[in-house]
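Structural overview
Listed here are the chains, written in short residue letters.
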Amino acid sequence: MSHNTFGHLFRVTTFGESHGPAIGCVVDGCPPLIPLEEGDIQAFLEKRRPGTSRFTTQRQEADQVKILSGVFHDEKTKRQVTTGTPIALLIENTDQRAKDYDAIKDTYRPGHADFTYDLKYGIRDHRGGGRSSARETAMRVAAGAIARKIIAPVRIRGALVQMGPHSIDRANWDWDAVVKNPFFCPDAKAAAFFETYLDSIRKAGSSTGAVIEIVAENVPPGWGAPIYGKLDAELASAVMSINAVKGVEIGDGFAAAELSGEANADEIRRGNDGAPKFLSNHAGGILGGISTGQPIVARFAVKPTSSILTPRRTIDRFGAETEIVTKGRHDPCVGIRAVPVGEAMVACVLADQFLRHRAQAGESAKWPFAPHL
Ligand SMILES: Cc1cc2nc3c(=O)[nH]c(=O)nc-3n(C[C@H](O)[C@H](O)[C@H](O)COP(=O)(O)O)c2cc1C
């Protein structure tokens, strides 16, 4: 299994399984002299941590991160900073219950990775889903915390905008509300409804999907690349690599297909400050694979959790048809904890694209250009 590395100049390799002793990652390519403490990473891990409400898995993991390498005390600033060498991060798994997964040892959960892992590798760590468990996404969040430091003052925020068939009312959008409910929902009224909705789903032994929106502000124009390194293509790939993600949109996404050329054109004027001013953002902050300077907007659809208490028809390893009920501790809506993971993947892509832009072009060109004499 060799596809465990992400990025070009900001490069992240993760390792570990749900029920192994630990999960971890190596972040390579981080520039030197960036202040970095475990607390900087921990703050983001707290948002993804399991067991924080009745709406997520009850697995109790402290998700305490250790920095094993790549930092040193800087005499000049009296702070711990990155050294430019690989940063290894480790989180111990402390709350495993392998017994809970006996039922899926030889039987495939419909909608999960059990069948495909077995068919591809002929061996599978079934405990908690092994490597296919979203436990791995904790390391994405940890790497994302480092990525954010590289690209500060870029601000990346995520929100849950739909649960099952129920969309939020965008007129109620309030970023402050996101931290005040267990769903990362920017519409307080919708969040109150989601409590009863998700309780009923959970009690019925079922699960539900969600749509998450990530917005990155203060991204300067010029990040990204044309053709095979398109910023939108890399964002889509990174976000799609998150467990259970089945769709990604940038800007208006699929809805853009319904617009006329006039409606879709993000017209440009010269703003009062002399800088270019876009009158709309259907493009989601990216044109030709390169950032425009507008907010970058990405949305992704997360499927409903496949491990459910309602019996589903399936097959076992040995050729028999059977039924499966998945016990154990599962998220009834994995989209909730996917919010910080989505933010992290966007941060990693932007940090990587920033370093690549700096390597090739240095500073972005300034508008307006001087006329030719
Ligand atoms: C944050 C997060 C938590 C998840 N928790 C669960 C879970 O408790 N139970 C489960 O069956 N799937 C869970 N998943 C989804 C599975 O990891 C995923 O469906 C599985 O690996 C198969 O991959 P695929 O859905 O991308 O095809 C979670 C996904 C995310 C992003």
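The structure presented is a predicted model; accordingly, all values stated were derived computationally and were not measured. (Residues numbered from 1 in each chain as written. Predicted model: local features only at pLDDT ≥ 70, side-chain atom pairs only at ≥ 80, totals over all residues. Heavy atoms only, no water.)

Quick word on the sheet that holds strand E16 (residues 296–302)
- Read across the sheet, five strands follow the order E9-E8-E10-E16-E11 without closing on themselves; strand pairing throughout is antiparallel. What marks the edges here is a single partner per strand, and that holds for strand E9 (166–167) and strand E11 (245–250).
- With two bridges joining them, strand E8 (residues 155–163) and E9 adopt antiparallel strand pairing. Looking at the pairing, Met163 lines up with His166 of E9.
- Along the sheet, helix H5 (residues 231–240) contacts E11 and E16; its crossing angle with E11, the most-contacted strand, is approximately 155°.
- Contacting E8, strand E10 (210–217) and E16, helix H7 (residues 338–361) runs over the sheet at an angle of about 140° to E8. (Pairing = 2+ DSSP bridges. Helix = DSSP H or I, 4+ residues; strand = E, 2+ residues; numbered from the N terminus. Contact = heavy atoms within 4.5 Å. Axes fitted to C-alpha atoms, helices over the stretch in contact; angles between N-to-C directions.)

A short note on the nonpolar core
- Phe10, Ile41, Leu89 and Leu350 are the most contacted members of the largest nonpolar core, which has 78 residues in total.
- If one sorts the elements of this core by residue count, H7 sits on top with 13 residues. (Core = buried A, V, L, I, M, F, W, Y, C linked by side-chain atoms within 4.5 Å. Buried < 20%, exposed > 50% of the residue type's maximum accessible area, 1.4 Å probe, protein only.)

Here's the deal with the site of the ligand
- Close to the ligand lie 15 residues; Ser132, Ala244, Lys303, Ser307 and His330 are nearest.
- Interatomic distance of 2.5 Å between a side-chain N/O atom of Ser307 and an oxygen atom of the ligand.
- Take Asp331: an N or O atom from its main chain is 3.0 Å from an oxygen atom of the ligand.
- Burial of the ligand by the surrounding chains reaches 86%, relative to a free accessible area of 630 Å².
- Tallied by class, the residues present in the shell around the ligand amount to five nonpolar, seven polar and three charged. (Near = heavy atom within 4 Å. Polar contact = N/O pair within 3.5 Å; in protein donor to acceptor, adjacent residues only side chain to side chain. Areas by Shrake-Rupley, 256 points an atom, 1.4 Å probe, with all protein chains shown as cover. Nonpolar A, V, L, I, M, F, W, Y, C, P; charged D, E, K, R; others polar.)

Focus on the sheet that holds strand E3 (residues 22–28)
- Taken in spatial order, the five strands of this open sheet run E1-E2-E3-E7-E4, and their pairing is antiparallel. Each edge of the sheet is formed by a strand with only one pairing partner; in this case those strands are strand E1 (5–6) and strand E4 (65–67).
- Both E1 and strand E2 (residues 11–16) contribute to a ladder of two bridges, which runs antiparallel. Residue pairing for E2: Phe6 is matched across the bridge by Val12.

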